[in-house]
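The primary structure of each chain is shown beneath.
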Amino acid sequence: MTQMWAFFGYDEPNYTYTPNGKKLLTELSRLSPVPVFVRTHNLLTTGDGTSSMKWGSTNAYREDTNGRAIYDWTIVDRILDTYVSRGMKPLVEIGFMPEALSTKPQPYRHDWRPGLDYNRIYTGWSYPPTDYDKWRELITKWAAHCIEKFGRREVESWYWEVWNEPDIGYWHGTAEEYQKLYDYAADGLKRALPAARIGGPHVTGPSGARPQQFLQSFLEHCLRGTNYATGKTGSPLDYIGFHAKGAPRFLDGPSTGLGTGHVRMGVSNQLRAIANGFRIVSSFPELRDTPIIIGESDPEGCAACGVQTNPENVYRNGTVYSSYTAEQLARTYELADAYHVNLRGAVTWAFEFEDQPYFAGFRDLATNGIDKPVLNVFRMLGRMLGDRVTVESSGALPLDVVRESGVREAADVNALASRSERTVSILAWNYHDDDLPAPPADVELVVDGVGAREVDVTHERVDATHSNAYEAWKRMGSPQPPTKSQYKDLERAGRLQPLEPSRKVKVQDGRVRLAFTLPRQAVSLVRVTW
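Not measured: the values here are computed from a predicted model.

Colleague: Could you clarify how one ought to interpret the overall build of the chain in this entry?
Modeller: Helix and strand content of the chain: 13 helices and 22 strands. The C-alpha extent of the chain, read off along each of the three principal axes, is 75 × 50 × 45 Å. Put simply, the chain has 530 residues, and 60% of those count as buried. Put simply, of all contacts in the chain between residues at least 6 apart along the chain, 77% involve residues at least 24 apart.

Quick look at the structure:
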C-alpha cells in the first residue's frame, strides 16, 4: 500500500505562505503517514511575488546592465521553507524562464482570467533561454543555495523536474530544444548535488500522438542520445513524469431526456492516459524499475476555471469529486500492477484559491480555509497502512471496462483494502460517472482470515450528511461570507466524521461480516482491528 497519492500541486506558488495556504499544507502534512510531496509552477518566474490565478513569481534571477546575474532566493526560500518546516518534501519544478533569460520576454506577465482564451497565459516566460550556460549556472547556484540552507541530506530527499507540459504552449520551443533545456538543467543540478533526483518530461496526458511521441523521444534521448550539455551519451533520469486528465461534460436536460442538466465525468479519459504512459515506459526494458510520477492526475485540466465559466466543474464541491478520486486512485494502483511499473507518485493538482467566493467551484481541496469532501478521502487513505490485499466485489466493474468506457451503465461498487499487523482497512465507494440521484447500494462486507475472536470496527463516511462542508453550507443558505459562528460549524463539518460509533463484532470461522448501505457517490472507510 504505497502512499503514491501523497503528492499535491498547484500553479500559484505565492499562495503557499498565505494563512489559508499554510493551514491547508499543515492539514496535508498531518493526514499522511509518509512525507507529502508538493509541486508548484513559477518558482523561477520573474515578478514581485504578487499572486493571481495561474500566475506566481519569485524574482530569483535578474541581470544588471552588464548582463551579470543577480540571484535573490528570498521568495523561493519562503515557499520551500513552508514545506520543509512541516516535514513535507518539494517536488521542485525548474521553471519558468526568467525575463532576463527569455528569447522573447515581452509580454511577460499574462492577463488571463476565467472565461478568457486559455492560450493568453503563454507569454514571455514560456520561451527558451538566450544563453544555456547561464541557465545551467542558475540551477547550480539554486541547488547550492538549497544545500546551504536546508542541508545536503534534506535536499537529496527531494525530487526535481524540468519545466511543465513542454508539448503544448508552456514551451515555445521544439522537442529537441526541450531536451537541451533538460540536459543543461540536469547537469547544473548534478554539479552541485550529484545525488539529486531529477526527471521529466511531464508532458500532457499521453492519449494523442503528439504527447506520446514527445515522451517516447525524450526517453530515447535520455537512454541513448547525445547529451547537449556534456557531449556524452545519455542524460540523467531518476524518474519519469507525465500527466493525465479526465474529461467531464455538462449535459443539459433536453439532450439527455432527464429533464435537468447534470455533469457526466470522464474517468476513462484519465485512466487511458495513465495506461498509455505506463505502456510507453514499460516498452523500455532499461526503465522497468525507474520510478514514475504522474505529475498531474485530475478529473480535468483547469483548476482555476470555476463553475461560472465552466458549468461542468460543478462536481468539485461535493461528493462526485471525492468518489471519483477513490475510483481513480484505486484503478491507478491496478494499472501499475498490470503494466509492472514502479509507480512512485500521482500528483493531485488542487490546492486553494485566494480572494474567491466560498464554494465557487474551483478545483481545490479547501475554500477559504473550509475543507471540501474530497480532502476527507485523502484522510481515509492516510489511515490505510501495510500491504494491499485482494478485494472481490460482486458490484465491481472490470478494469478494462472502466478504462475504455467509464462507468456509464451500472455503478462501480468496489473497494481498496490494506492490512497492517493487527488492522484491516477497507475503502469502499459507490461511483458513477453521471451525477444523478440513485438508490444506495446494499453492501455486505466480509473480511476473511481474521485471527481473533472479537474485533473493534470503526466506520467513517463521506456522503451528503457526513464529512461534507458543502452540503452544510447549502443548508445554512449558502452565506457569502459565513458568520464567525457559521465558519466554525463549517470547519467541523469539513472534518472526517464517523458513520456510527466504534463497536465490537464477533468473529465467526475467521470471518467478520458487516452490512451497511452505501449511497451513490459515497465513500466509506471501515477499519477492523484486533
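There is more to say, and it comes next.
Colleague: Explanation requested: the side chain of Thr 423 in the structure shown.
Modeller: In this structure, Thr 423 sits in strand β17 (residues 423-431). Of the polar contacts made by the side chain of Thr 423, one reaches the side chain of Thr 529; its length is 3.3 Å. With near-sequence residues (within four places) excluded, Thr 423 lies in contact with Ser 418, Arg 527, Val 528, Thr 529 and Trp 530.

Colleague: I would appreciate a short explanation of the nonpolar core in the present structure.
Modeller: Considering soluble globular proteins, one finds that nonpolar side chains tend to be buried as a cluster. Counting residues in each nonpolar core, the largest one holds 139 residues, and the members touching the most others are Trp 135, Trp 142 and Trp 160. Excluding anything up to four places from it in sequence, Trp 160 contacts Val 92, Ile 94, Trp 142, Ala 143, Cys 146, Val 155, Leu 189, Ala 196, Arg 197, Ile 198, Gly 199 and Tyr 239. Counting residues in hydrophobic clusters, the runner-up holds 24 residues, among them Val 424, Val 447, Val 512 and Trp 530.

Colleague: Help me understand the packing of helix α6 (residues 209-224) against helix α8 (residues 267-282) in this model?
Modeller: Each pair of packed helices gets described by two things: the angle between the helix axes and the distance between those axes. Orientation of α6 relative to α8, taken along the N-to-C sense of each, is 25°, at an axis distance of 10 Å. For the element pair α6 / α8, the angle class is roughly parallel. For the element pair α6 and α8, the recorded crossing hand is right-handed. Mapping the contact onto sequence places Gln 212, Leu 215, Gln 216 and Leu 219 in α6 and Asn 276, Gly 277, Arg 279, Ile 280 and Val 281 in α8. Considered class by class, the residues forming the contact of α6 with α8 number four nonpolar, four polar and one charged.

Colleague: Just checking my understanding: could you explain the pairing of strand β7 (residues 197-203) for this structure?
Modeller: Residues in a regular strand project their side chains so that they alternate between the two faces of the sheet. For β7, the buried fraction is high: six of the seven residues fall into the buried class. In terms of strand pairing, strand β6 (residues 159-162) meets β7 through three bridges, oriented parallel. Each residue of the ladder has a partner; that of Trp 160, found in β7, is Ile 198. Read from β6 through helix α5 (residues 175-192) to β7, the crossover connection turns out right-handed. Both β7 and strand β8 (residues 239-245) contribute to a ladder of four bridges, which runs parallel. Residue pairing across strands places Pro 201 opposite Gly 241, the latter belonging to β8. At this point the chain moves from β7, through α6, to the parallel β8, and the crossover so formed is right-handed.

Colleague: Looking at this structure, how should I read the pattern of salt bridges?
Modeller: A complete count under the given rule lists 42 salt bridges for this structure. One salt bridge connects Asp 64 with Arg 68, and the closest N-O pair in it is separated by 3.2 Å. Judged by relative accessible area, which is 52%, Arg 68 ranks as exposed. Of the charged contacts, one joins Arg 511 and Asp 448 as a salt bridge, the two residues approaching to 3.5 Å between their closest N and O atoms. A residue pair is termed long-range when its members are at least 10 positions apart, and Arg 511 in strand β21 (residues 511-518) and Asp 448 in strand β18 (residues 441-448) qualify at 63 residues. Assessed through its relative accessible area of 35%, Arg 511 is described here as partly exposed. Through salt bridges with shared partners, a single network forms among Arg 39, Glu 93, Glu 161, Lys 245, Glu 296, Asp 298, Glu 300, Arg 316 and Arg 363.

Colleague: I would appreciate a short explanation of the sheet that holds β17 in the present structure.
Modeller: Spatial strand order, β15-β16-β17-β22-β19-β20: six strands in an open sheet with antiparallel pairing. Edge positions in the sheet fall to β15 (387-389) and β20 (497-506), since each of these pairs with one other strand and no more. The mean angle between the axes of side-by-side strands here comes to 20°, regardless of whether they run parallel or antiparallel. Where helix α10 (residues 373-381) meets the sheet, it contacts β16 (412-419), β17, β19 (454-462) and β22 (523-529), and its direction lies at approximately 155° from that of β19.

Colleague: Help me understand the environment of Val 523, please; the structure alone is not making it clear to me.
Modeller: By the secondary structure assignment, Val 523 is in strand β22. Apart from residues lying up to four places away in sequence, Val 523 is in contact with Ser 322, Ser 323, Ala 326, Val 377, Met 380, Leu 427, Ala 428, Trp 429, Glu 460, Arg 461 and Val 462.

Colleague: Could you clarify how one ought to interpret the packing of aromatic side chains in this entry?
Modeller: Each aromatic ring pair is specified by the distance between its two centres and by the angle formed by the two planes. Summed over all chains, the structure comprises 37 aromatic pairs. The interplanar angle of 45° and the centroid separation of 6.4 Å between the aromatic rings of Tyr 178 and Tyr 182 together place this pair among those described as tilted. Remark: Tyr 182 and Tyr 178 occur in helix α5; sequence separation between them is four residues, near one turn of the helix. The class of Tyr 178 is buried, set by a relative accessible area of 0%. For Tyr 182, a relative accessible area of 0% puts it in the buried group. Ring centres of Phe 353 and Phe 362 lie 5.1 Å apart, and the angle between their planes is 40°; this geometry places the pair in the tilted category. Judged on exposure class, the residue Phe 353 and its partner Phe 362 are both buried. Ring pairs connect the aromatic residues Phe 96, Trp 112, Tyr 118, Tyr 122, Trp 125, Trp 135, Trp 163, Tyr 170 and Trp 171, which therefore count as one cluster. Over the ring of Tyr 17 we find Arg 78, and its NZ or CZ is 3.9 Å from the ring centre.

Calculation notes
Residues numbered from 1 in each chain as written. Predicted model: local features only at pLDDT ≥ 70, side-chain atom pairs only at ≥ 80, totals over all residues. Heavy atoms only, no water. Helix = DSSP H or I, 4+ residues; strand = E, 2+ residues; numbered from the N terminus. Buried < 20%, exposed > 50% of the residue type's maximum accessible area, 1.4 Å probe, protein only. Contact = heavy atoms within 4.5 Å. Polar contact = N/O pair within 3.5 Å; in protein donor to acceptor, adjacent residues only side chain to side chain. Core = buried A, V, L, I, M, F, W, Y, C linked by side-chain atoms within 4.5 Å. Axes fitted to C-alpha atoms, helices over the stretch in contact; angles between N-to-C directions. Parallel < 35°, antiparallel > 145°, perpendicular 65-115°, else oblique. Left-handed = near helix turned anticlockwise from the far one by under 90°. Nonpolar A, V, L, I, M, F, W, Y, C, P; charged D, E, K, R; others polar. Pairing = 2+ DSSP bridges. Right-handed = clockwise from strand over helix to strand, strands pointing away. Salt bridge = Lys/Arg side-chain N within 4 Å of Asp/Glu carboxyl O. Phe/Tyr/Trp six-rings, centres within 6.5 Å; stacked < 30°, edge-to-face > 60°. Lys NZ or Arg CZ within 6 Å of the ring centre and 35° of its normal.

Geometric values such as these leave the question of function open.
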